[in-house]
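# Observations on the three-dimensional arrangement
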Amino acid sequence: KALAPLRDLPAETLDGHRIKLAANVELEEELEFIKLQGADGIGLYRTESLLIGKEVFPSEEEQYEVYHRIAESVFPKHAIIRTFDIGGDKFMMQVMKENNPFLGWRGIRVMLDKPQIFLDQLRAILRASTLKNLAIMLPMVTSIKEVKLSKQLIAQAKDDLRSHKIQFDEKLRLGVMIEVPAAA
């Protein structure tokens, strides 16, 4: 409440360096709240919230609808969609015991091992990108090999959409989360 008067001021250092102050979002219901708080878009949308209470992954169409609403809601600002970060402390795919589940079979490694699920998500994000304000972030990346494999699947998803004449942002940005010691 005390900081509310600062909400509409630019996020800028005293020496004039502009900072993009974006929100982390877990639930669609938070979209209106982040606008009221003056967020400069969404720096991280946690897609695993789409898995809450589900026993199966949401379809490409179900995901597209959510990602499209996010893109429209923040436009002209940007939103970064993190691909499913499951495994470790997350739910749904607890199928094997690991010494350190927080760093092992998790995030991008799960998705690369489940390419059809990953392709559904990638196509959904791409389809929702027509306003050119979305980006993709890969979680728990440990190596450049994982990025290269992900790029191959992104290229396949783009080819799938092109073959069906479905539009998307051809220049959709891709990034990774540097959160695993091996990545550093």
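Everything discussed here concerns the structure shown above.
Scope of this entry: the structure provided in the associated data block. The structure displayed is predicted, hence computed values, not measured ones.

Across its 13 residues, helix α4 (residues 115-127) extends 18 Å between first and last C-alpha, which sits within 8% of the 18 Å expected from 1.5 Å per residue. For α4, every residue scored as buried is listed here: I117, F118, L119, Q121, L122, R123, A124, I125, L126 and R127. Taken together, the buried residues of α4 touch α2 (60-74), β3 (79-82), α3 (108-113), β4 (134-138) and α5 (144-163).

Among the surface-exposed residues, L3, L6 and L9 lie close enough to one another that they form a single nonpolar patch of about 330 Å² accessible area. Positionally, L9 belongs in the segment before β1 (23-25). Overall, the relative accessible area of 52% leaves L9 in the exposed class.

A separate point is the side chain of R127. One can find R127 in helix α4. Look at R127 and you get buried, because its relative accessible area is 15%.

Moving on, we come to unusual backbone geometry. Omega for the bond connecting F75 with P76 falls within 30 degrees of zero, at 10 degrees, which places this linkage in the cis form. Tracing the chain through its elements places P76 in the loop between α2 and β3. Even without being glycine, K132 reaches a positive phi, approximately 60 degrees. In this fold, K132 is placed in the loop between α4 and β4. Judged by relative accessible area, which is 55%, K132 ranks as exposed. Non-glycine residue M140 carries a positive phi angle of around 60 degrees. In this structure M140 comes out as buried when scored by relative accessible area, which is 3%.

Definitions and limits used
Residues numbered from 1 in each chain as written. Predicted model: local features only at pLDDT ≥ 70, side-chain atom pairs only at ≥ 80, totals over all residues. Heavy atoms only, no water. Helix = DSSP H or I, 4+ residues; strand = E, 2+ residues; numbered from the N terminus. Expected span 1.5 Å × (residues − 1). Buried < 20%, exposed > 50% of the residue type's maximum accessible area, 1.4 Å probe, protein only. Contact = heavy atoms within 4.5 Å. Patch = residues over 30% accessible without salt bridge, like charges linked within 9 Å, V, L, I, M, F, W, Y side chains within 5 Å. Areas by Shrake-Rupley, 256 points an atom, 1.4 Å probe, with all protein chains shown as cover. Salt bridge = Lys/Arg side-chain N within 4 Å of Asp/Glu carboxyl O.

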